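Letter by letter, the chains look like this.
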Amino acid sequence: FPITANEYLANALEIQEGFTQAIFEKNNIRAMIQGFFPKRDCITLPRPTDDEEDLQNLLASPDKLRPEFIAEMENLEKVLAKRVKPKLMNNHVMEPTSLLNSMQSYVNAINNNAVPNLVTAWEDIIEKENERLFEEAEDYIRKQIDELKSKLPVDSQEVNDSFNFIEKKVVEDVRSSDFDVNKESLISKLSEELKVKRSSLVKENSVKCEDLCSKLLRDLWSQKLDKEFERLSELQTAWKEASEEFLANAKGDKKYQKWITFQSEYYNHSITMLIKAEELKYREENMELSQKARQFEDQISDLTREKNAYARDYDDMREVYDILDEKFKSSQEENLNLKAELIEHQSLLERTDEIGKDVGTQYQLSNLGTPRSNRPSANKSNRGSRTQLTNFESEQQFVSCQRLQDCSIF
């Protein structure tokens, strides 16, 4: 039939029969366990892992522990927390490390065939507790300082606040110990150590703050300030933004002094560069305006010459116009004269025709009594007179046309 764990323990602690030395020693151990531990419980634990290599080094592979083993260990922890009372020595609760140290002291005395001395053991416990407090304080200080170093550079006030907090926490931990250790001596020793570490870290932080400020100033100068600005307002805006960016990112108590020194040295340089740029721009504009002025002067000279040429041409044209106008007026007069002459000639021709008609009539009357053979040829005389009139009229018309053509030429 299966048995419980407590039954298994009771069977293991039963006195065995026999008179050999080995049986005697084992029975002696069994008797002492029964005497010193009247209330006993047994909790069985399964094998932590099936792998022999993992079993030899359980701390290196905690993830390989069997779930059954973990469950039983949690059960054992609950039993110990419920049933085991804190160990007291000189009315002081023994912490696990102190209890282990005292037990180690007893075991060493027994192994050396000596009687364990409780006073000496207590002194050893006090000494070990003192060492433990100091080591824990040092370990805490080291971790806090390493964490603070990872944040460097920081403002000096943050360094001081961090060390003040570390010192306060260490003092509280030391004074909270229940053992009669020399707490003030331990606190003084830790304070001296903190003082040295504080001084060292302040110097390291100061150097890193200087490096950070120098880097920020170099970057700001090369990226935002070392260039030519077109207007003074742009330069002032750029320097204001650079100042805000530097003071927001720089660390250390000297960052304001660093910025003032940098600004006093390089701001004037930026102003000088701006003035030179403005002078160069104005000089170029002046040269351009001068060139345009010369071009305008040349254009004015050309226009003046053209004006003078046009004026001369105008004068010449005016003279020609006056001449032509005079000729035109004279031609008009001649034309009027010609017209008058033409009218006069036409009236003359009309009178001549009338005279011819009268002569013909008279001639016919005179020849009424004259034989036909003796009559003068009327047609010949009329034809001759008409021929003379026609020739005269043609000559007059030719002269008139010639004068009209001369007038039309002008």
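Per-chain numbering applies: the sequence of each chain, read as written, is numbered from 1 onward. It should be noted that, the model being predicted, local features are given only for residues of pLDDT at least 70 and side-chain atom pairs only at 80 or more, the latter also being counted only at that level, while totals for whole chains, interfaces and linings use all residues. Excluding hydrogens and water, the side-chain figures rest on all heavy atoms present in the structure.

Things to note about the overall build of the chain
Then, in step 1: Each helix is a run of DSSP H or I of at least 4 residues and each strand a run of E of at least 2, with the numbering of both proceeding from the N terminus. Looking only at helices and strands, the chain features 11 helices and 2 strands.
Then, in step 2: Starting at the N terminus and walking to the C terminus, you meet the elements of the chain as α-α-α-α-β-β-α-α-α-α-α-α-α.
Then, in step 3: Note on exposure labels: buried denotes an accessible area under 20% of the residue type's maximum, exposed denotes more than 50%, and partly exposed covers the range between, all computed with a 1.4 Å probe on protein chains only. Counting across all 410 residues of the chain, residues that qualify as buried make up 19%.
Then, in step 4: Whether two residues are in contact is decided by their heavy atoms: any pair within 4.5 Å suffices. The long-range share in the chain, meaning contacts at least 24 apart out of those at least 6 apart in sequence, stands at 65%.
Then, in step 5: For accessible areas, the Shrake-Rupley method is used with a probe of radius 1.4 Å. Any residue's cover is judged against the shown protein chains and nothing else. Per element, the accessible surface of the chain, about 30900 Å² overall, is 53% carbon and sulfur.

Some details on a negative patch on the surface
Then, in step 1: Within the patch definition used here, like charges are joined within 9 Å and nonpolar side chains (Val, Leu, Ile, Met, Phe, Trp, Tyr) within 5 Å, considering only residues with over 30% relative accessible area and no salt bridge. Any carboxyl oxygen of Asp or Glu within 4 Å of a side-chain nitrogen of Lys or Arg constitutes a salt bridge here. When charges are counted, neither His nor the chain ends are considered; positive counts come from Lys and Arg and negative counts from Asp and Glu. Lysine's charge is taken at NZ, arginine's at CZ, aspartate's at CG and glutamate's at CD. A cluster of like negative charges, contributed by Asp313, Asp315, Asp316 and Glu319, occupies part of the molecular surface.
Then, in step 2: One can find Glu319 in helix H10 (residues 255–366).

A closer look at the layout of surface pockets
Gaps left between atoms show up when a probe the size of a water molecule is rolled over them.
Then, in step 1: In this analysis a 1.4 Å probe is tested at points of a 1 Å grid over the protein atoms alone, and where it fits but cannot get out there is a cavity; an open set with protein on both sides within 12 Å along at least five of seven lines is a pocket; lining residues have an atom within 4 Å of a point. Grid points are joined across faces, edges and corners, and a volume is the space filled by probe spheres set on the points. Put simply, the largest pocket is a space of about 840 Å³.
Then, in step 2: Forming the walls of the largest pocket are 17 residues, and the residues nearest its centre are Phe36, Phe37, Lys39, Val84 and Lys87.
Then, in step 3: Looking at the lining of the largest pocket, the elements with two or more residues in it are helix H2 (21–36) and helix H4 (67–83).
Then, in step 4: Among the elements that take part in the lining of the largest pocket, H4 stands out by supplying 4 residues, more than any other.
Then, in step 5: Here the lining of the largest pocket is built from residues that sort into 11 nonpolar, no polar and 6 charged. Amino acids are sorted into nonpolar (Ala, Val, Leu, Ile, Met, Phe, Trp, Tyr, Cys and Pro), charged (Asp, Glu, Lys and Arg) and polar (every other residue, Gly among them).

Some remarks on the packing of helix H7 (residues 156–175) against helix H8 (residues 183–225)
Then, in step 1: The interhelical angle for the contact between H7 and H8, taken along N-to-C directions, is 165°, at an axis separation of 10 Å. Here H7 is positioned roughly antiparallel relative to H8, judged by the angle of their axes. Crossing handedness for the pair H7 and H8: right-handed. Contacts between H7 and H8 involve Ser156, Val159, Asn160, Phe163, Asn164, Ile166, Glu167, Val170, Val171, Val174 and Arg175 from the former and Lys183, Glu184, Leu186, Ile187, Leu190, Ser191, Leu194, Lys197, Arg198, Leu201, Val202 and Asn205 from the latter. Fitting a line to C-alpha atoms yields each axis, with helices limited to the stretch in contact; the angle taken between N-to-C directions then spans 0 to 180 degrees. Here is the rule for angles: anything less than 35 degrees is roughly parallel, anything more than 145 is roughly antiparallel, 65 through 115 is roughly perpendicular, and the remaining ranges are oblique. We call a crossing left-handed when the near helix sits turned anticlockwise from the far one by less than a right angle, and right-handed when that turn is clockwise.

Some words on the packing of H8 against helix H9 (residues 232–249)
Then, in step 1: Between H8 and H9, the least distance of the axes is 10 Å, while the angle of their chain directions is 155°. With respect to H9, the element H8 is oriented roughly antiparallel. The handedness of the crossing between H8 and H9 comes out as right-handed. On H9, the residues that touch Leu212, Cys213, Leu216, Leu217, Leu220, Trp221, Lys224 and Leu225 of H8 are Ala238, Trp239, Ala242, Glu245, Phe246 and Asn249.
Then, in step 2: Of the residues that constitute the contact of H8 with H9, the class distribution is 11 nonpolar, 1 polar and 2 charged.

Everything listed here is a matter of coordinates, which is why it stays silent on function.
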